Amino acid sequence: MSRSLTFASAVLALGLVPAIAGAQNREVTGKVTRTIGDVPVAGATIVEIGGQGVAQSGNDGTFRISVGPGDVRLLVRAIGFQRKEVAASASTSSVNVALDEDPFKLEAVVVTGQATTLERRNATTATVQVSSADLNRAPAQALEQALQGKVPGATISMNSGAPGGGGQVQIRGATSILGQGQPLFVVDGVIISNDAISDGANSVTGAGSRTSSAGIGSNQDALVNRLADLNPDEIESIEVLKSAAATAMYGSRATNGVVVIRTKRGAPGTTPQFNLTSRIGRSAAYRLLGTRQFKTTTDVLDLPYGNGLGTDSLLAARYPSGQIPSTHNYQSEFYNNSTPAYEVTGSFSGGTPTTQYYLNLTGRNEPGVAPNTGARLYSLRANIDQAFLSGKIKVHTGINVTRNSLNRGLSNNDNTNTSPIYGFAYTPGVVNLDSVDATGTFVRNPFNGGGNGMSNPFETFQDLKLNELTFRQIGDITATWSALDLAQHQISVTATGGFDRVQVTGDLFSPSFVQYEGSDGFFGRTVRSEGNIFNYNLQFAGNWSYEPSSALSLTTTVGYSWETQYNRVIRTRARGLLAGVQTSGSGTVLDESDNVFGDFRDIALFANEQILALNERLAITGGIRADRTSANGDRQKYHPFPRISGSYRFTDLGELFNEVKLRAGWGRTGNRPRYADRDVLWAVGSTIGGTASIVQNPTLGDSLVHPETLTEWEAGTDVTFLHRRLQLEATYYHRRITDLLLQPATVPSGGIGSFILNGGQLSNRGVEAALTASIKQSRDVDVTLRTTFAKNKQEIGNLPSGVPRFPVGGSFGAAFGRNFITPGGVTTWIWGVVPLDANGKPLPIGSLITNPSAVASVRDTVAGDANPDFVMGFTGSVRWKRLTLGTTVSWQQGGMVADMTHTLWDEGGTSRDYEAPVTRATMGDGWDLNVPAAGCDIYGTLYPCTAGRYRYAEWYAGDVRAYLENATNVRVRDISLSYDAPDTWVRQLGARTLRLTFQARNPIVFTNYWSFDPEFNNFGATNLNRFIDLAPFPGNRQFYLSVDVGW
Amino acid sequence: MRSVLGRLIAAAAVTLVGCSLDLTNPNSPTPGQALKDPRTATGQMVVGVLATYRDNRANQIRALGSYGRETYYMFLTDGRFITGPYLQWKRNTSFEGGTQWGRYGNYRNAYVAIKAINAVPTGAPTPTALTAGEKAGALGLLKTFIALDMLHVIEARGAIGAVVDITDAVNAVSPIVSQDSVYKWITAKLDEAKGDLDAAVASGDPFYFPMHSGFSAFGVTANTPAGFILFNRAIKARVEAKRGSLGCGAPCYARALTALDTTWIADLTATNRDNGVYVIFSVSTGDVLNFASFQGDRNYYVHPSIDSIAGVTLDDRYRRKVAIAGSACGTSYTSPQTEVRVTATHRACTYFRNDAPIPTIRNEELVLLRAEARWFTADQAGALSDLAAVRAGSGAPNPGETAVVKVPTPATDDEFEEELLLQRTLSLYQEAQRWVDYRRFGKLAELNTLAQDLAANFTVATVSPLPAQECDSRARAGNPGGIPLSCPGNPIP
């Protein structure tokens, strides 16, 4: 279980138990600084060796520690620095300590059990820690974005560029087909909710059927997962547990990894400190799609889809000569909101040896690049640590209150031509949509027959209200009682508890006069949704440390935990509104849904053992946890999740190889069934004649359903070499997931849609590596670089007999590509229709047009692979005197994306390269360039084969590959350049520190991908099918100027 | 300190033992929860069958309307609603491919309801008991709807045949039987249902569940066991007539006439032509709207082959059902629409309001069935008088109207079929009949004469192929009985 950093680093890493015991008879003060540059080191831990004094340095590096009488030795440690022992003789009252830097952060602690940690140097599994500085190099839309490129082995993607976030973290590949696919997020011991709730955009877009109450909202509504409410400014560090040998301590919710987040805390013995950070910046859309340049009115009237139909007179009036001098680029007119973004964060922290406090208040406003969009977050956090009974009892509490208001407009799939990228695709830029008539009404979009089958996005974003307002409270408390404290034995009892309460209020109001209104027979609609989430977890752990000699320590933990989640969403929708009335009581048709989407209770018993032996060279961690959960068919049965891992360090190998650590681990974790999978249920049918009805549930539950099981072993090495300038971490893992939760389709003629069962097997194997180089460290210059590499391959081992291969749920179909679960296959394969020759071999792309006689069949087969060949990350930090430059760069090689956005624009005849000639450069690899001179067949008519027509004609004839595009990209995720002001400036402000920083997020992207961003996904966070790009909110780059002042 | 530790451990143990993990699901009932009140639960399940039958109706009209050249479904952003049924109908992954397989879901609704009803103790009416008569009434209704749903399946599947028996094993691969066997099974099921209904009538017990107004508000009283028998017989007449045209001939047509005698059939007039049983829609919460209606879905366009029937603009059926001046829809949507290079001029307006009912079977169809059955049982005069009544009562009830006619006095079976098909096309427009009718008389080729359809390489579907999932499931089970027609490895019939 996550604990406070101060507590953990000061105490547990030494295998000690907290105690500030009785009589202390003198105080030693001092200052911790960096050897090079004489910079104060904040947050260093100072421990009296063999005694009981503990202290921490403040932001100015000073500390004050109570020590015993006589000569004492102090151990001084700080993350990012090498540890140091200093002597303080009986007569000394002041010591100054200079620490050498440790770019490999071996002093950091990693979580190893519910109440235990280890130093990173001894870590037995691959660990990733992201510090506050790395996390906050540039402001991010949400925590996921801040983590991108920094966690090898984790695929972290934003679902779109909409303000406010919405992203996905997937660690070591997809480990489930149906079950939870996101890691568990734990903030200071609280397992927080990462649910996503729709606000009802589907009621406008009709992306899924919108006719019944189940269709008020949908998973294509550009959902925001609730990680968006976390304020990165409050975070001290993030630790990502990947290996089952580490995550098994979280039992049946841990197959997807665990992200342990620690928030900032006050340091003991420091004077009150106040820090203020102000940022101002702006967002700009990047990689907009451009548009085809229409030259004549005939070009418009001749659009393949009938788009231009009925606009003859309009075009004749506007372009009497028939010539169109210039084409509107609607996207650049639309996505150009440049309202400044700002953020103000103030924090107040400090502490005495018994009481520490940290208070942070952040206000952040991030306008979106589309009109009237934006995200506004207010977050308050208060952390208090208090020791009682001379330190025998320590209590850590924290409370976090946030208000998060999101206005994200419409994006993604739609069937009503209302989301802008969709609508613009079918609207040639020959009318000025961003204009109003004499009455103030927006210009009507005349294309595609006009009327309410089309929309004017400028009007839509002006008049449609779509707001998600979240109030959230997270509270945590950890109490440790040091029950026994002898030289060799320490016993402590820790209780950790926390709650997470989220209220999400969605308000959608679409007034009756907007162009698209009425397409379903009703003018004006409103959706009110209330989501309530209440989670809490509670854990008791007893800890016994036994240290028979200084070379050996044993820590035993036993305990139990209790976790519960309550999730409910109530939605009401009214259609056919009274003019101007926004409440759902006013409509002609009222749809309501009241849905509990996940109530769970979980109970676990656990026991762990941690051994440090041979002077901390050998570390072994093992444990077992047994879970039962309300989601299982058998609620009484405990499912065991064992784990064991160990490491051995070869030290003193000389200067070439300073230290070599070998480590290996094995563990088993679970992924519990989904809510209600265990129940055989009937369902609510529709109402007819005023009578509600009961029908069969189209899915048959399984009363024996149990957790999916992931078994993983990993082995790796951490090598420090070349005079401690380089560190290599390398890990190989192999995970096998058995007893998969499956929902195969039944025989349709049996009258049931699908059923639930456990069975089958997936496997993921991969390599993760990181090379950290401390290239130069001197008074004026520091250079540190880190490169990471990850490669993962995921296979489907088998399926239970009786389960046919099946497409992943929520797929669009063979024309657009989908993941298929088929024995012996690969989960990332993209299946779709492909023309084959007589031997069953795929023909070149374009063959349906260029060489139809060679096409023997068009079959749904493997057309591509979404899995990247590899992913690399580069982070670097360069300091030159007072200037520091930091950056994160990532490189994804390979992987395919179904670029359905491109399909739309070609279908609408408006894509930027629609009329480009068919060449290798315009078409890409794999295409047959010998297009027929007679032309390309678009709906039965031959047109000159241009790039756009050829692509669309081939796709339309039955070749999914026409829009499967390579996702290779290199991008600068973030960059910051900061300047630490000289003391003379600072003093004039009456301040302690002053820093000026220029920050940028996503400043540069290199890719040949046609649409916005190959990382975006129409379906948001999904285990599979994560390669569907369909009319997202465009990506944007952000630039900020920041001022940090400390007093 | 030890006592504190002891107390903590004790508290922990109490928490651990005291908590139940048996959370119930508030969203949906388990059968056990629901059947604590079997009278209410089984009654709501019967309503579920009626509601689900209704829910499938609009999609049926869309799919069969495309197959049968009644409408183009011009969905703005996805032309596959046209290319699926018109061009790529052989692919079992195409749009509308495998249509009507949701009917098996309703079959299972009825199957489960029947089992639940049979399990309820028989006795005096109480919340936990049903009388024998109540049970018989419910069973008769449910079996009639099983037969009706299966009729829609075989109408879509045609020569492929269909599965007729479902069992408790939801994933069992049951045999596919021939089209003829399916029709025989349906008639037997209808007769079995009638036996139950007769028993209910004899008991005097009414239906114990609410019957929606579609059974009583349209000139027919079919909301009682006795009245429902009329509906059962009307369906029976329809099935026997179809069998008659599919090779059975006069014997089946004779049974159709017998069945018609015990329906509400009346010589056709403008006032009684719409008497029948309907499915109803409403804007009430939880209810469903008519998505085959002008207000409910703007994408239905009249296929130009309907517009081009000689003299059709003077026929009242066209004037009522097409969105032109004088129709309920008015003229506001008459501009031509083009999609995937085919163009239509008018939107369909058979159902104007989004809560307009859709007929399940009505008098006009009964009279047309009688005309057909009379012709093929050597009552040509009766047949022609029925057709004349349809033309007068439905095609030209008002001054200035002239009903279309192709062969005023047919001399041959073929001529009669041509005339019958024309009258059925207009009389039963957007009731999911035209495609099935042209197929059963072997005249599908006549549906594909429109120049723009031919230019687009459209062909007429002979069947709606089995859905891909059905093929996959059967293949996985080793294709007992062989690879079904229309599945990969066996051609489209």
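Rules used throughout
Residues numbered from 1 in each chain as written. Chains lettered and ligands numbered in written order. Predicted model: local features only at pLDDT ≥ 70, side-chain atom pairs only at ≥ 80, totals over all residues. Heavy atoms only, no water. Helix = DSSP H or I, 4+ residues; strand = E, 2+ residues; numbered from the N terminus. Rg over C-alpha atoms; globule rule 2.2 N^0.38 Å. Buried < 20%, exposed > 50% of the residue type's maximum accessible area, 1.4 Å probe, protein only. Contact = heavy atoms within 4.5 Å. Lys, Arg positive; Asp, Glu negative; His and termini not counted. Charge placed at Lys NZ, Arg CZ, Asp CG, Glu CD. pLDDT = per-residue confidence, 0-100. Expected span 1.5 Å × (residues − 1). Pairing = 2+ DSSP bridges. Axes fitted to C-alpha atoms, helices over the stretch in contact; angles between N-to-C directions. Phe/Tyr/Trp six-rings, centres within 6.5 Å; stacked < 30°, edge-to-face > 60°. Lys NZ or Arg CZ within 6 Å of the ring centre and 35° of its normal. Buried area = accessible area lost by both parts, 1.4 Å probe. Salt bridge = Lys/Arg side-chain N within 4 Å of Asp/Glu carboxyl O. Polar contact = N/O pair within 3.5 Å; in protein donor to acceptor, adjacent residues only side chain to side chain. Core = buried A, V, L, I, M, F, W, Y, C linked by side-chain atoms within 4.5 Å. Disulfide = S-S within 2.5 Å. Parallel < 35°, antiparallel > 145°, perpendicular 65-115°, else oblique. Nonpolar A, V, L, I, M, F, W, Y, C, P; charged D, E, K, R; others polar.

In terms of helices and strands, chain B carries 17 helices and eight strands. In terms of overall dimensions, chain B is globule-like: its C-alpha atoms have a radius of gyration of 25 Å, near the 23 Å expected for 493 residues. In terms of overall dimensions, chain B has C-alpha extents of about 105 × 55 × 50 Å along its principal axes. For chain B, with 493 residues in total, the buried portion stands at 62%. For chain B, the share of sequence-separated contacts (at least 6 apart) that also reach a separation of at least 24 residues comes to 73%. Treating the 47 positive side-chain charges of chain B as one cloud and the 46 negative ones as another, the clouds have centres 6 Å apart.

This part is about the confidence of the model for chain A. Mean pLDDT over chain A: 90, with 97% of residues reaching 70 or higher. Predicted confidence for residues 1-24 of chain A stays below pLDDT 50, and this span has 87 contacts to residues more than four positions away or in other chains.

Within helix H17 (residues 468-476) of chain B, the full set of buried residues consists of Gln-469, Glu-470, Cys-471, Ser-473 and Arg-474 of chain B. Positioned one or two residues after H17 of chain B, Gly-478 of chain B has a phi angle of 85 degrees, which is positive.

Looking now at helix H7 (residues 179-203) of chain B. Residues and elements named next belong to chain B. Over its 25 residues, H7 runs 36 Å from end to end, which matches the ideal 36 Å to within 8%, given 1.5 Å per residue. Listing the buried residues of H7 in full gives Gln-179, Val-182, Tyr-183, Trp-185, Ile-186, Thr-187, Lys-189, Leu-190, Ala-193, Asp-196, Leu-197 and Ala-200. Elements in contact with the buried residues of H7: helix H5 (103-119), helix H6 (132-157), strand E2 (162-163), strand E3 (176-177) and helix H8 (225-248). Taken from the residues just after H7, Gly-204 is the one with a positive phi, measuring 80 degrees.

This part is about the sheet that holds strand E53 (residues 1028-1029) of chain A. Residue and element names in this part refer to chain A. In space, the three strands of this open sheet follow the order E50-E47-E53, with mixed pairing throughout. Of all the strands in the sheet, the pair left with one neighbour each is strand E50 (964-966) and E53. Taken together, the three bridges between strand E47 (residues 896-899) and E50 define a ladder with antiparallel strand orientation. Paired with Val-897 across the strands is Glu-965, a residue of E50. Helix H12 (residues 900-908) contacts E47, E50 and E53 of the sheet and is inclined by roughly 35 degrees relative to E47.

Turning to the packing of aromatic side chains, a few remarks are in order. In the structure shown here, the tally under the stated rule is 56 aromatic pairs over all chains. Between Phe-294 of chain B and Phe-352 of chain B, the aromatic rings sit 5.8 Å apart at their centres with planes inclined by 35 degrees, giving tilted as the arrangement. Of the two residues, Phe-294 of chain B is situated in the loop between strand E4 (276-279) and strand E5 (300-302) and Phe-352 of chain B in the loop between strand E7 (342-344) and strand E8 (358-362); the sequence distance between them amounts to 58 residues. On the basis of relative accessible area, Phe-294 of chain B is assigned to the buried category, the value being 9%. Grouping aromatic residues by their ring pairs yields a cluster made of Tyr-53, Phe-145, Phe-207, Tyr-208, Phe-209, Phe-215, Phe-228 and Phe-231 of chain B. Looking at Arg-672 of chain A, its charged tip hangs above the ring of Phe-600 of chain A, at a distance of 3.6 Å from the centre.

Moving on: the interface of chain A and chain B. Residue-level contacts link 87 residues of chain A with 80 residues of chain B. Carbon and sulfur atoms supply 61% of the area buried between chain A and chain B, which totals about 7,400 Å² over both sides. When the area that chain A buries against chain B is broken down by residue, the three leading residues are Trp-682, Ile-688 and Pro-748 of chain A, summing to 11%. The interface formed by chain A and chain B holds two salt bridges in total. A salt bridge links Arg-635 of chain A to Asp-22 of chain B, with the nearest nitrogen and oxygen atoms 2.8 Å apart. Summed over the shared surface of chain A and chain B, the result is 17 residue pairs in polar contact (both at pLDDT 80 or more). Of all the secondary structure elements, the ones that give two or more residues to the side of chain A that touches chain B are strand E25 (552-575), strand E26 (589-596), strand E27 (600-613), strand E28 (618-629), strand E31 (682-684), strand E32 (694-696), strand E49 (941-943) and helix H14 (947-958) of chain A.

Among the nonpolar cores identified, the biggest contains 125 residues, and Leu-141, Phe-145, Met-150, Ile-186 and Phe-231 of chain B are the most heavily contacted of them. Among the elements that line this core, the one with the most residues is H6 of chain B, at twelve residues. Residues within four places of Leu-141 of chain B in sequence aside, it is in contact with Val-46, Leu-50, Leu-197, Phe-207, Phe-209, Met-211 and Phe-228 of chain B. Residues Leu-410, Tyr-943, Tyr-950 and Ala-1031 of chain A belong to the second largest nonpolar core, which totals 89 residues.

All names here are of chain B. Among the structural elements, Asn-92 can be located in the loop between helix H4 (80-86) and H5. Looking at Asn-92, the relative accessible area reads 15%, which means it is buried. Setting aside chain neighbours within four positions, we find Asn-92 in contact with Pro-465, Leu-466, Pro-467, Ala-468, Cys-471, Ser-486 and Pro-488.

Let's shift gears to the sheet that holds strand E15 (residues 235-241) of chain A. Residues and elements named next belong to chain A. On the basis of which strands lie adjacent, the open sheet formed by five strands has the order E10-E15-E16-E13-E14 and mixed pairing. Only two strands of the sheet have a single partner each, and these edge strands are strand E10 (127-131) and strand E14 (190-191). Inspection of the sheet shows strand E13 (residues 184-187) paired to E14 by two bridges, in the antiparallel sense. Note on E14: the bridge partner recorded for Val-187 is Val-190.

Okay, the state of the cysteines next. Tallied over the entire structure, the rule returns four disulfides over all chains. Disulfide pairing places Cys-936 of chain A opposite Cys-945 of chain A at an S-S distance of 2.0 Å. Torsion about the S-S bond of the Cys-936 of chain A and Cys-945 of chain A cystine: about 115 degrees, corresponding to right-handed handedness. Paired by a disulfide, Cys-248 of chain B and Cys-252 of chain B hold their sulfur atoms 1.9 Å apart. For the disulfide bridge between Cys-248 of chain B and Cys-252 of chain B, the dihedral angle about the S-S bond is near 90 degrees, and by the sign convention the bridge is right-handed.

Attention shifts here to the packing of helix H12 (residues 363-375) of chain B against helix H14 (residues 413-427) of chain B. Residues and elements named next belong to chain B. Remark: H12 packs on H14, axes separated minimally by 11 Å, with the N-to-C direction vectors making an angle of 175 degrees. The orientation of H12 with respect to H14, classified from their angle, is roughly antiparallel. In this structure, H12 uses Glu-364, Glu-365, Leu-368, Leu-369, Ala-371, Glu-372 and Trp-375 to contact H14, whose residues at the interface are Asp-413, Phe-416, Leu-420, Gln-423, Arg-424 and Ser-427. Taken together, the residues of the contact of H12 with H14 break down into six nonpolar, two polar and five charged.

All names here are of chain B. Tracing the backbone through its elements, the reader meets Leu-454 in helix H16 (residues 451-455). Residue classification places Leu-454 among the partly exposed residues on the basis of a relative accessible area of 43%. Contact partners of Leu-454, with chain neighbours within four places excluded, come to Asn-448 and Thr-449.

Right, let's talk about the pairing of strand E22 (residues 465-485) of chain A for a bit. All names here are of chain A. Where strand E21 (residues 393-407) lies against E22, 15 bridges are found, and the strand directions are antiparallel. In the strand pairing of E22, Leu-406 is matched with Glu-468. Pairing between E22 and strand E23 (residues 489-510): 20 bridges, direction antiparallel. Of the residues in E23, the one forming a bridge with Ile-474 is Asp-500. Hairpin connection, E22 to E23: the antiparallel pair is bridged by three residues.

Residue and element names in this part refer to chain A. Evaluated as defined, the whole model comprises 100 salt bridges over all chains. Linking Glu-1015 and Arg-973 is a salt bridge whose minimum nitrogen-to-oxygen distance equals 2.7 Å. Taken together, the residues Glu-1015 in the loop between strand E52 (993-1007) and E53 and Arg-973 in strand E51 (residues 969-980) connect sequence positions 42 residues apart. Ionic contacts of the salt-bridge type, sharing partners, join the residues Arg-172, Lys-242, Lys-661, Arg-663, Glu-712, Glu-714, Asp-718, Arg-735 and Glu-768 into one network.

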